[in-house]
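Coordinate inspection notes
These are the residues of each chain, in order.
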Amino acid sequence: MISVKNITKKFGRGNSSLLALDDVSFSVQDGEFLVILGQSGSGKSTILNLIGCIDSPTSGTIIVDDVDVTKMSDKQLCVYRNKNIGYVFQSFYLEPTFSVLENVAMPMTIAGVNKKEREAKAMKVIESLNLTEKANKKASELSGGQKQRVSIARALVSDPDIILADEPTGNLDSQNGGEVIALLQQICNSGKTVLLVTHNIDDARKTDIMVEIKDGIISNIIENDEKTKIAAQHSSDYDNEGNLIDKNKVEEDSKLENINNNEKIDKVGE
Ligand code: ADP
Ligand code: MG
């Protein structure tokens with residue numbers, strides 16, 4: 001379980017300081033899919049960076065499996081990040097001239113794992129994400145959707161418990177974006193905890209818990225039910241409340257509206 005308690009994050013000092021997070025608290029159980037939803041500048045990446053221990057809070061605690069990660073030494077943090085965290089970013093951060101295999105194996109290269117072992121492990125994840133035929137292609141030769149799959153493979157290669165995905169659909173069209181969210185859902189179903197950051201309400205509705213943030217303050221925490229999640233998978237078929245739209249009725253309504261409009265035009269013309 002990840003428990004974020006009364007987190008505050010201030011950037012800068014004195015008059016020019018900015019309170020990016022103001023008393024933020026929420027928790028996510030192991031194996032849950034949580035989304036942080038908010039507009040640009042609301043503090044989403046800041047929260048993710050604190051949970052991923054890329055940055056430290058001004059005050060408050062973040063407890064991961066009974067350990068306060070905000071109190072860890074640099075050495076402990078390094079171990080924690082390698083073992084527990086897989087990061088996925090909006091702009092992929094792949095090494096363009098490296099092959100897919102080399103990119104996916106990168107975290108193990110950094111960790112000093114020997115070539116044979118890291119390639120075997122990377123290949124296993126590549127196969128599980130249906131990227132086998134791309135394994136020897138350069139990252140620069142892939143489409144956006146494929147690049148994001150590779151970056152997800154890289155996040156999974158060390159078998160971390162937690163996946164942090166910061167706007168992973170931000171550079172993708174809606175079809176590829178939808179596939180990335182479905183993949184994150186699958187990863188969650190395999191037992192990992194997934195934290196997604198997005199400003200896309202349709203993506204947000206597909207998760208278990210939705211934490212809404214505005215100007216660094218949590219404004220709402222909503223548990224999405226099955227109906228909402230299914231509705232979000234087919235968002236064009238459902239209205240904002242998650243109710244199936246009766247397309248025949250919509251057609252009838254729009255015909256009626258056209259007739260009414262024509263009548264109005266006729267009246268104006270009279
Ligand atoms: P989001 O990811 O929701 O777009 P961020 O978490 O990146 O928002 O940023 C929240 C606020 O904190 C913004 O006003 C941003 O400008 C500010 N901010 C983020 N990182 C820094 C930093 N390193 N130094 C100063 N201000 C920052
Ligand atoms: Mg951001």
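Sequence order as written defines the numbering, with residues in each chain counted from 1. Key to labels: chains lettered from A, ligands numbered from 1, both in the order written. Totals for whole chains, interfaces and linings use all residues, but because this is a predicted model, local features are given only for residues with pLDDT of at least 70 and pairs of side-chain atoms are given and counted only at 80 or more.

**Overview of the overall build of the protein chain**
The helix count covers DSSP runs of H or I at least four residues long, the strand count covers runs of E at least two residues long, and both are numbered beginning at the N terminus. Broken down by element type, the protein chain carries nine helices and ten strands. Exposed residues have 12 or fewer other C-beta atoms within 10 Å of their own C-beta, buried residues have 20 or more, and partly exposed residues fall in between, where C-beta atoms are placed from the backbone. When burial is assessed residue by residue, the protein chain has 36% of its 270 residues classed as buried. Placing C-beta atoms from the backbone, we regard two residues as in contact once those atoms come within 7 Å. Summarising the internal contacts of the protein chain: among those between residues at least 6 apart in sequence, 66% fall at separations of at least 24.

**Overview of the sheet that holds strand β6 (residues 85–89)**
Pairing between the strands of a sheet is mediated by backbone hydrogen bonds and can be parallel or antiparallel. The pairing criterion is simple: DSSP has to find at least two bridges between the two strands. Pairing in this open sheet of six strands is mixed, and the strands run β6-β7-β8-β3-β9-β10 from one edge to the other. The outermost strands of the open sheet, each flanked by one partner alone, are β6 and β10 (217–223). For this sheet the average axis-to-axis angle between neighbouring strands, irrespective of direction, equals 15°. Sheet topology note: the strand β7 (residues 162–166)/strand β8 (residues 193–198) ladder contains five bridges and is parallel. Bridge assignment links isoleucine 162 to a residue of β8, and that residue is threonine 193. Every axis corresponds to a line fitted to the C-alpha atoms, with the helix fit spanning only the stretch in contact, and the corresponding angles, defined between N-to-C directions, vary from 0 to 180 degrees. The strands that helix α1 (residues 44–51) touches are β3 (33–37), β7, β8 and β9 (209–214); relative to β8, the one it contacts most, it runs at about 155°.

**Comments concerning helix α6 (residues 174–189)**
One full turn of an α-helix is made of 3.6 residues, so residues set three or four places apart face in the same direction. A helix is expected to reach a length of 1.5 Å times the quantity of its residues less one. Over its 16 residues, α6 extends 22 Å from the first C-alpha to the last, a length consistent with the 22 Å expected when each residue adds 1.5 Å. Regarding α6, the residues found buried are Gly177, Val180, Ile181, Leu184 and Ile187. End-on view of α6: buried residues confined to an arc of 115°, all on one side of the axis. Summarising the geometry of α6, the exposed residues directed more than 90 degrees from the buried face are Gln175, Ala182 and Asn189. Downstream of α6 by one or two residues, glycine 191 has phi in the positive range, about 115°. Starting at the helix axis, one direction is taken to each C-beta atom, and the arc is that of these directions.

**Regarding the site of ligand 1**
Within the structure, ligand 1 sits among Phe11, Gly12, Leu18, Ala20, Gly38, Ser40, Gly41, Ser42, Gly43, Lys44, Ser45 and Thr46. Per-element accounting of the shell around ligand 1 gives the leading share, three residues, to α1. Using a C-beta atom placed from the backbone for every residue, we mark a residue as near a molecule or strand if that atom lies within 6 Å of it.

**Some remarks on the pairing of strand β1 (residues 2–11)**
Bridge analysis of β1 against strand β2 (residues 18–28) gives seven bridges, and the strand direction is antiparallel. Among the inter-strand pairings, isoleucine 2 is bridged to a residue of β2, identified as valine 28. A loop of six residues connects β1 with β2, the two strands running antiparallel in sequence, and glycine 12 in this loop sits at a positive phi of about 80°.

**Some points on the packing of helix α3 (residues 100–110) against helix α4 (residues 115–128)**
Between α3 and α4, whose axes approach to 9 Å, the crossing angle comes to 125°. Considering their axes alone, α3 and α4 lie oblique with respect to each other. Here α3 runs over α4; the crossing is right-handed. For the pair formed by α3 and α4, the contact residues are Val100, Leu101, Val104, Ala105, Met108 and Thr109 on the first element and Arg118, Glu119, Lys121, Ala122, Met123, Val125 and Ile126 on the second. Residue polarity is assigned by list, with Asp, Glu, Lys and Arg as charged and Ala, Val, Leu, Ile, Met, Phe, Trp, Tyr, Cys and Pro as nonpolar; anything else, Gly included, falls into the polar class. When grouped by side-chain class, the residues that make up the contact of α3 with α4 number nine nonpolar, one polar and three charged. Orientation categories follow fixed angle ranges, with anything under 35 degrees roughly parallel, anything over 145 roughly antiparallel, 65 to 115 roughly perpendicular, and all other angles oblique. A crossing counts as left-handed when the near helix is turned anticlockwise from the far one by less than a right angle, and as right-handed when that turn is clockwise.

**Observations concerning the sheet that holds β1**
On the basis of which strands lie adjacent, the open sheet formed by four strands has the order β2-β1-β4-β5 and antiparallel pairing. At either margin of the open sheet sits one strand with a lone partner, and together these are β2 and β5 (67–68).

**A closer look at the nonpolar core**
Linking buried Ala, Val, Leu, Ile, Met, Phe, Trp, Tyr and Cys residues through C-beta atoms within 7 Å yields a set, and such a set is a nonpolar core. Residues Val104, Ala153, Ile163, Leu164, Leu184 and Leu195 are the most contacted members of the largest nonpolar core, which totals 60 residues. Beyond its immediate stretch of four places on either side in the chain, isoleucine 163 contacts Gly86, Val88, Ala155, Leu184, Ile187, Lys192 and Val194.

**Re the packing of α3 against helix α5 (residues 144–156)**
Between α3 and α5, whose axes approach to 7 Å, the crossing angle comes to 35°. As for how α3 packs across α5, the hand of that crossing is right-handed. Contacts from Val100, Asn103, Val104, Met106 and Pro107 of α3 reach α5 at Val150, Ala153 and Arg154. Its residues assigned to classes, the contact of α3 with α5 comprises six nonpolar, one polar and one charged.

**Some remarks on unusual backbone geometry**
Residue phenylalanine 92 is not a glycine yet carries a positive backbone phi of 65°. By secondary structure assignment, the location of phenylalanine 92 is in the loop between β6 and α3. Despite not being glycine, aspartate 159 shows a phi value in the positive range, around 55°. Tracing the sequence through the fold places aspartate 159 in the loop between α5 and β7. On the neighbour-count criterion, aspartate 159 (11 C-beta atoms within 10 Å) is exposed.

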